[in-house]
Amino acid sequence: MADQKADGGSKVIVSNRRARHEYHVLDTWETGIVLLGTEVKSLRQGRANLQDCFARLDRGELWLYNLHISPYEQGNRFNHDPLRPRKLLMHRNQLRKLVGQVEQKGLTLVPLDLHFTGGVAKVNLALVKGKQLHDKRETLKERADARDMERAYKDNG
């Protein structure tokens, strides 16, 4: 998956496919992420996992928790802790708007994907609201209906 290209010529490292199934995406932002050298090398090898990952505002700063970046094999003693919290970089005015939205009941910040844009690691961060079980079923039904319509169109066309 590390060699897929997203729109805008960015190289997708890892994407959180479950996020769109588990949550309603209300808004998205592209943020920078503060990484160590061995983390960047490990990301270039595509060794990351966004499962159970979330972002939280803490003292006016945005932090990403539970992002697992595997230790770099040649990193020896300079390797990093795979699950350490990582700081996300956003403009101050974007953060101010985000604070009010996150404090609403039931809203969470979840990363949708991790990618390189122009050699710099970026995170697509989404403001989400959890789906109920019936919402998930409805989404699956819509997807299946769209797939069936596409098949019927191909068979007739």
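Above this text you will find the structure in question.
This section reports on the structure supplied with the text. Residue numbers run consecutively from 1 along every chain, following the written order of its sequence. pLDDT decides what is reported in this predicted model: residues at 70 or higher carry local features, side-chain atom pairs at 80 or more are listed and counted, and totals for whole chains, interfaces and linings draw on all residues regardless. Processing note: side-chain calculations cover all non-hydrogen atoms of the structure and skip hydrogens and water entirely.

Regarding the overall build of the chain
Link 1 in the chain: Helix numbers and strand numbers start at the N terminus; a helix is a DSSP run of H or I with at least 4 residues, a strand a run of E with at least 2. If you tally the helices and strands in the chain, you get four helices and nine strands.
Link 2 in the chain: The order of α-helices and β-strands along the chain, N terminus first, is β-α-β-α-β-β-β-β-β-α-β-β-α.
Link 3 in the chain: Seen along its three principal axes, the alpha-carbon backbone of the chain occupies a region of about 60 × 40 × 25 Å.
Link 4 in the chain: Two residues qualify as a contact provided that any one of their heavy atoms is within 4.5 Å of a heavy atom in the partner residue. Sequence-distant contacts in the chain: of pairs separated by 6 or more residues, those separated by 24 or more amount to 63%.
Link 5 in the chain: In the chain, 28 positive and 20 negative side-chain charges are present, and the distance between their average locations comes to 5 Å. Charge assignment in this entry is limited to Lys and Arg as positive and Asp and Glu as negative, and neither His nor the chain termini are counted. All charge positions are set by atom: Lys at NZ, Arg at CZ, Asp at CG, Glu at CD.

As for the pairing of strand 2 (residues 23-33)
Every other side chain in a regular strand lies on the same face of the sheet, so the side chains alternate between the two faces.
Link 1 in the chain: Across nine bridges, the pairing between strand 2 and strand 9 (residues 120-130) is antiparallel. Bridging across to strand 9, Asp27 finds its partner in Leu127.
Link 2 in the chain: Strands are treated as partners if at least two bridges between them are detected by DSSP. Taken together, the two bridges between strand 2 and strand 7 (residues 86-89) define a ladder with antiparallel strand orientation. Among the inter-strand pairings, Ile33 is bridged to a residue of strand 7, identified as Leu88.

Digging into the pattern of salt bridges
Link 1 in the chain: Any carboxyl oxygen of Asp or Glu that lies within 4 Å of a side-chain nitrogen of Lys or Arg is treated as forming a salt bridge with it. All chains considered together, the criterion is met by six salt bridges.
Link 2 in the chain: A salt bridge links Asp148 to Arg151; the nearest nitrogen and oxygen atoms lie 3.3 Å apart. Of the two residues, Asp148 and Arg151 both sit in helix 4 (residues 133-156), three residues apart, roughly one turn of that helix.
Link 3 in the chain: Accessible area is worked out with a 1.4 Å probe on protein chains only. A residue is then buried under 20% of its type maximum, exposed over 50%, and partly exposed in between. You can call Asp148 partly exposed: its relative accessible area is 41%.
Link 4 in the chain: What you see here is one network of salt bridges that share partners, running through Glu39, Arg84 and Arg86.

A few points about the side chain of Ser42
Link 1 in the chain: Counting through the fold element by element, Ser42 comes out in helix 2 (residues 37-44).
Link 2 in the chain: When sequence neighbours within four positions are dropped, the list of residues in contact with Ser42 reads Arg47, Ile69, Ser70, Pro71 and Tyr72.

Topic: the environment of Glu30
Link 1 in the chain: Note on placement: Glu30 falls in strand 2.
Link 2 in the chain: Along the chain, Glu30 and Leu89 lie 59 residues apart, while their C-alpha atoms are 9.2 Å from each other.
Link 3 in the chain: Aside from chain neighbours lying at most four places away, what touches Glu30 is His115, Thr117, Lys122, Val123 and Asn124.
Link 4 in the chain: Pairing of N or O atoms within 3.5 Å defines a polar contact, subject to two protein rules: one partner must be a possible hydrogen donor and the other a possible acceptor, and residues neighboring in sequence count only if both atoms are side-chain atoms. Among the polar contacts made by the side chain of Glu30, one reaches the side chain of His115 at a distance of 2.8 Å.

A short note on the packing of aromatic side chains
Link 1 in the chain: Two aromatic rings from Phe, Tyr or Trp, using only the six-membered ring of Trp, form a pair when their centres are within 6.5 Å; if the ring planes differ by under 30 degrees the pair is stacked, by over 60 it is edge-to-face, and anything between is tilted. Across all of its chains, the model carries one aromatic pair by this definition.
Link 2 in the chain: On the basis of an interplanar angle of 20° and a centroid distance of 5.4 Å, the ring pair of Phe54 and Tyr65 is categorised as stacked. With Phe54 in strand 4 (residues 54-58) and Tyr65 in strand 5 (residues 61-65), the pair connects residues that are 11 residues apart, well separated along the chain.
Link 3 in the chain: Residue Phe54 is classed as partly exposed on the basis of its relative accessible area, which comes to 24%.
Link 4 in the chain: Ring-over charges, as used throughout, are those where CZ of Arg or NZ of Lys falls within 6 Å of the ring centre and within 35 degrees of the ring normal. Residue placement shows Arg44 over the ring face of Phe116; its charged tip is 4.3 Å from the ring centre.
Link 5 in the chain: One Lys or Arg, Arg56, reaches over the ring of Tyr65 and ends 4.9 Å from the middle of that ring.

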